[in-house]
Amino acid sequence: VRTDSLGLRGPEPSTDAGRPRILAVGDSFTFGTGVDDDETWEAVLASGLAARGAPVEILNAGVPGYGFDQVFRAAQSWSAKLRPDLVLVGLHCTDLASDWDVPLWDLREGRPVPLDPSRNWIALQARLRDATPAPLRGLRTWRELVGALHHRDPFGQLPVRDWAGATAWQRDKVVALLGATELPGAAQRAAIVMPCKEDLDGTSSALWADLPDRLERAGVPTLDAGRELRKPERPEIAAGLFYRHDIHLTPAGNRWVASRVENFLLERGLLARAPLPLAAPGAAAGAVP
C-alpha cells in the first residue's frame, strides 16, 4: 500500500487543473483492503476512463473501519480541502448492520444534528487508556473492565438499540446527510452501494430496503453495484468476487465495481467537464459477462 503526503492511498494529487477530479470516500471496500494499489476499483476505473479518452484523477480517501458517519465527516473535510468535481460516497452493508454505534449525528425531526464525538465507547476507552499508568494497563482486570465497554452506549447517544430500529435510523441518516447537507468545495456527489457477501444469500435486501430509491428521490445519483448479485437466476456471476474467508472484494470484485461505476458515470453525465460517448455493449474495461 502506498499513501501520499495527505495520507490518501495512491500517488500525490495532480496539479493538472484540466482533468476532472473525483474523490472516493468510504470504508475498507473503498480503500481496497486485500488488493494491490493498481487493483483497487478506483485505480481500475481511472485506467478504464483514460483508455476511453477521458483522463480523470481519482483520489482514494477510503479508511478501513469507518462507518457511514465517519465517511460523511471525511467527505466534508476532504471536499473542502481538495475541491473535487465529484464525490463518490461508498456505502456498505456494515454501515447499516454494525457500524452505527459510534455516531457523529442524530436525527431530530428528520434533520441531522451533530453529536459530541468524544461521547462514545471508543473515545471513552481511549481516555481511560491515556489516564491510566502503564503498569495498571497491563493488568488483566483493567483490560477486562475497559473491554466491557465494547459496543456499549455509555452516554446514551443512540436513540435505539434493537437491530431493526438501528438500521432504519442509519438509513434515515444516510438520506438526510447525503440528500440535504452540502459538501463544501464539491461540484457533485453520488452514492455507490458496494457489493457485499450478504447480497449472495439475500439478507442484504432487508438492510438496504428502499435506500437507493430514497437517495435518488433526494437528488443523489445512486449506483446499486450489488443489485445483480441478488438475482437468483444468475448466481454464477458472484464466483470469485469475494475472498472465500473474508468479506472483502478480490481483484476481480474490484474490476466488477469499476466497470459498473464507469458506465454509471457516463450514463448519468457525472463527468460534466469531460462528456463522453457511451461504449458499445460489453466494451467497458473489466466488464464481467
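Residues numbered from 1 in each chain as written. Predicted model: local features only at pLDDT ≥ 70, side-chain atom pairs only at ≥ 80, totals over all residues. Heavy atoms only, no water.

Visitor: Sorry, what's going on with the packing of aromatic side chains here?
Guide: Given two aromatic rings, their pairing is described by the distance between the two centres and the angle made by the two planes. A full pass over the atoms with the stated rule returns two aromatic pairs. Centroid distance phenylalanine 68 to phenylalanine 72: 6.0 Å. Interplanar angle 35°. Geometry classified as tilted. Residue phenylalanine 68 and its partner phenylalanine 72 are located together in helix 3 (residues 68-82), separated by four residues, close to a single helical turn. Residue classification places phenylalanine 68 among the buried residues on the basis of a relative accessible area of 0%. (Phe/Tyr/Trp six-rings, centres within 6.5 Å; stacked < 30°, edge-to-face > 60°. Helix = DSSP H or I, 4+ residues; strand = E, 2+ residues; numbered from the N terminus. Buried < 20%, exposed > 50% of the residue type's maximum accessible area, 1.4 Å probe, protein only.)

Visitor: For this particular structure, what's the right way to read the state of the cysteines?
Guide: Disulfide: a covalent bond connecting the sulfur atoms of a pair of cysteines. Evaluation of the coordinates by the stated rule reveals one disulfide. One disulfide in the model links cysteine 93 with cysteine 196; its S-S distance is 1.9 Å. Note that cysteine 93 is positioned in helix 4 (residues 93-97) and cysteine 196 in the loop between strand 6 (188-193) and helix 9 (198-201), a separation of 103 residues in sequence. This pair shows no difference in class: cysteine 93 is buried, exactly as cysteine 196 is. (Disulfide = S-S within 2.5 Å.)

Visitor: Could you clarify how one ought to interpret the sheet that holds strand 1 (residues 21-26) in this entry?
Guide: Note: strands within a sheet are paired through backbone hydrogen bonds, in either parallel or antiparallel orientation. In spatial order, the strands read 2-1-3-6-7; together these five strands make up an open sheet with parallel pairing. The sheet is open, and its two edges are formed by strand 2 (57-62) and strand 7 (222-224), each paired on a single side. Along the sheet, successive strands turn relative to each other by an average axial angle of 20°, direction set aside. Of the pairings in the sheet, the one linking strand 6 to strand 7 comprises three bridges and is parallel in character. Paired with alanine 191 across the two strands is threonine 222, which belongs to strand 7. Across the sheet, helix 3 is in contact with strand 1, strand 2 and strand 3 (86-91); its angle to strand 1 comes to roughly 155°. Set on the sheet, helix 8 (residues 163-180) makes contact with strand 3 and strand 6; between it and strand 6 the angle comes to about 155°. (Pairing = 2+ DSSP bridges. Axes fitted to C-alpha atoms, helices over the stretch in contact; angles between N-to-C directions. Contact = heavy atoms within 4.5 Å.)

Visitor: Please clarify how the pairing of strand 6 should be interpreted in this entry.
Guide: It is a general feature of regular strands that their side chains alternate between the two faces of the sheet. Burial runs high along strand 6: five of the six residues are buried. Direction of pairing for strand 3 relative to strand 6: parallel, over a ladder of six bridges. Looking across to strand 6, one finds that leucine 86 is bridged to glutamine 188.

Visitor: Even after reading the chapter, I still don't get the pattern of salt bridges, so can you show me in this structure?
Guide: Any two side chains of opposite charge can pair if their charged atoms end up close together. Within the structure shown, the criterion is met by 13 salt bridges. As a salt-bridge pair, arginine 227 and aspartate 224 come within 3.6 Å of each other at their nearest N and O atoms. Owing to a relative accessible area of 11%, aspartate 224 belongs among the buried residues under this scheme. As a salt-bridge pair, glutamate 228 and arginine 260 come within 2.8 Å of each other at their nearest N and O atoms. In this pair, glutamate 228 sits in the loop between strand 7 and helix 12 (251-267) while arginine 260 sits in helix 12, placing the two residues 32 residues apart along the sequence. Overlapping salt bridges, with partners in common, bring together Asp199, Asp224, Arg227 and Arg230 in one network. (Salt bridge = Lys/Arg side-chain N within 4 Å of Asp/Glu carboxyl O.)

Visitor: Quick question: what am I supposed to make of unusual backbone geometry here?
Guide: The phi torsion of most residues other than glycine is negative, and most of the peptide bonds are trans. Not every positive phi belongs to a glycine, and glutamate 109 is a case in point at roughly 55°. Its place among the elements puts glutamate 109 in the loop between strand 4 (105-108) and strand 5 (111-114). Residues other than glycine seldom take positive phi values, yet histidine 151 does so here, at roughly 60°. Considering the arrangement of structural elements, one finds histidine 151 in the loop between helix 7 (140-147) and helix 8. Using a relative accessible area of 34% as the deciding quantity, one classes histidine 151 as partly exposed.

Visitor: Looking at this model, I keep getting lost on the environment of threonine 30. Mind explaining?
Guide: The topology assignment puts threonine 30 in helix 1 (residues 28-31). Between the C-alpha atom of threonine 30 and that of arginine 189, which follows or precedes it by 159 residues, the distance is 15 Å. Residues in contact with threonine 30, not counting those within four places in the same chain, are Ala24, Val25, Trp41, Glu42, Asn60, Gly62, Gly90 and Met194.

Visitor: Looking at this structure, how should I read the packing of helix 5 (residues 121-131) against helix 7?
Guide: Two numbers describe a pair of packed helices, the interaxial angle and the distance between the axes. At a minimum axis separation of 10 Å, helix 5 and helix 7 run at an interaxial angle of 155°. What the angle tells us is that helix 5 and helix 7 run roughly antiparallel. At the point where helix 5 passes helix 7, the crossing takes the right-handed sense. Along its contact with helix 5, which presents Gln125, Leu128 and Arg129, the element helix 7 presents Trp142, Val146 and Gly147. Among the residues making up the contact of helix 5 with helix 7, the classes are represented as three nonpolar, two polar and one charged. (Parallel < 35°, antiparallel > 145°, perpendicular 65-115°, else oblique. Left-handed = near helix turned anticlockwise from the far one by under 90°. Nonpolar A, V, L, I, M, F, W, Y, C, P; charged D, E, K, R; others polar.)

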